[in-house]
Amino acid sequence: MAATLHYFMLPDDERAVFRHLARRELTAYPELIPPGYQPVRVDEHAVEALDQPAYYLAVERLGPVVVHPLKRGPDKGMLVIEEIPSPVFHYERSVRNDAGELVAGRLWAELDVTDDPNDRKGKPLALKGIFEEVHQLFRKNWRRSDPKGYWIGPHAAAALKRGELKLREAGHKGGLVAVWR
């Protein structure tokens, strides 16, 4: 079963999360990887280098990142990461929409199974530990949302309270989100 965290974060919140994850030696890959791509190391300076709405955060010390090339379509020749056998998190950034509202992002990982149907041991415990570490960071320093289900970064919550920002759920009919209490 997949583990998911939904959140709203401004670039300063994202920088703080990446600063926290820097000691874990994560690397960021885009969803579609050009051949010969060199991944970006996840630290507080990586936020400026990220220009796409979604990335894979890989923990390459736990195992290889399994990729395969696309054989058809407009992105033919690009590489795609296989999520199940690879030690990766799918990281959707919290970005602004056309109306200037901050749209929710998410951190998603398949933590329970591997690509072998006969092997139910799951992913490395260190991958689960990193996910739980991020969840603990959110519980400790971030605000809860109303309606519940989202974490709101400190800078995003402050901007929301000042009236400078609106938070919008992801999706076609996403509703507005507020800070709980």
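Residues numbered from 1 in each chain as written. Predicted model: local features only at pLDDT ≥ 70, side-chain atom pairs only at ≥ 80, totals over all residues. Heavy atoms only, no water.

Some remarks on the sheet that holds strand E7 (residues 88-92)
Worth spelling out the cut-off: Between any two strands, at least two bridges found by DSSP are needed for them to pair. Runs of E in the DSSP output that reach at least two residues are strands. Runs of H or I that reach at least four are helices, and both are numbered from the N terminus.
Spatial ordering of the open sheet is given by E3-E2-E4-E7-E9-E1-E11-E10-E13-E12-E8, a layout of eleven strands whose pairing is mixed. The open sheet has two free edges, formed respectively by strand E3 (40-41) and strand E8 (102-103), since each of these has just one partner strand. Of the strand pairs in this sheet, E7 and strand E9 (residues 105-110) are connected by three bridges, and their pairing is antiparallel. Residue pairing across strands places Tyr91 opposite Leu107, the latter belonging to E9.

Some words on the pairing of E7
When a strand is regular, its side chains alternate between the sheet's two faces. Convention followed: Burial status follows relative accessibility: with a 1.4 Å probe on protein chains alone, a residue under 20% of its type maximum counts as buried, one over 50% as exposed, and anything between as partly exposed.
With four of its five residues buried, E7 lies for the most part within the structure. Looking at chain direction, strand E4 (residues 54-58) and E7 are connected through five bridges and run antiparallel. Pairing of Tyr56 across the sheet is with His90, part of E7.

Description of the packing of aromatic side chains
Threshold: Note on aromatic contacts: the rings of Phe and Tyr and the six-membered ring of Trp form a pair at centre separations within 6.5 Å, being stacked when their planes are under 30 degrees apart, edge-to-face when over 60 apart, and tilted otherwise.
Enumeration over the complete set of coordinates arrives at eight aromatic pairs. Look at Tyr7 and Tyr91: their rings are 6.3 Å apart centre to centre, the planes differ by 25 degrees, and that puts the pair in the stacked class. You can see Tyr7 sitting in strand E1 (residues 2-8) and its partner Tyr91 sitting in strand E7, a full 84 residues away along the chain. Tyr91 matches Tyr7 in its accessibility class, with the two residues each being buried. Aromatic side chains Phe89 and Phe131 sit 6.3 Å apart centroid to centroid with 25 degrees between the ring planes, which places their arrangement in the stacked category. Of the two residues, Phe89 is situated in strand E7 and Phe131 in helix H3 (residues 125-141); the sequence distance between them amounts to 42 residues. Grouping residues by exposure puts Phe89 and Phe131 together as buried. Clustering of aromatic rings is evident, with ring pairs tying together Tyr7, Phe18, Tyr91, Phe138, Trp142 and Trp151.

Examining the nonpolar core
The condition is simple: Take the buried Ala, Val, Leu, Ile, Met, Phe, Trp, Tyr and Cys residues and link them wherever side-chain atoms come within 4.5 Å; each set so joined is a nonpolar core. We call two residues in contact whenever any of their non-hydrogen atoms come within 4.5 Å of each other.
Formed by 30 residues in total, the largest nonpolar core has its most connected members in Tyr7, Val17, Phe18, Phe89, Leu107 and Phe138. Among the elements of the structure, E1, helix H1 (11-21), helix H2 (46-49), E4, E7, E9 and H3 are those that each provide at least two residues to this core. If you tally residues by element for this core, the top one is H3, at six residues. Apart from residues no more than four positions distant in its own chain, Tyr7 is found in contact with Tyr91, Glu92, Ser94, Ala104, Gly105, Arg106, Leu107, Phe138, Trp142, Tyr150 and Trp151. Judged by nonpolar contacts, the second largest core, of 14 residues, contains Phe8, Leu10, Ala156 and Leu167.

With respect to H3
Selection rule: Multiplying one less than the number of residues by 1.5 Å gives the expected span of a helix.
An ideal rise of 1.5 Å per residue puts 24 Å on 17 residues; H3 measures up with 24 Å between its terminal C-alpha atoms. On its buried face, H3 is in contact with E1, H1, E7, E9 and strand E11 (151-152).

Everything listed here is a matter of coordinates, which is why it stays silent on function.
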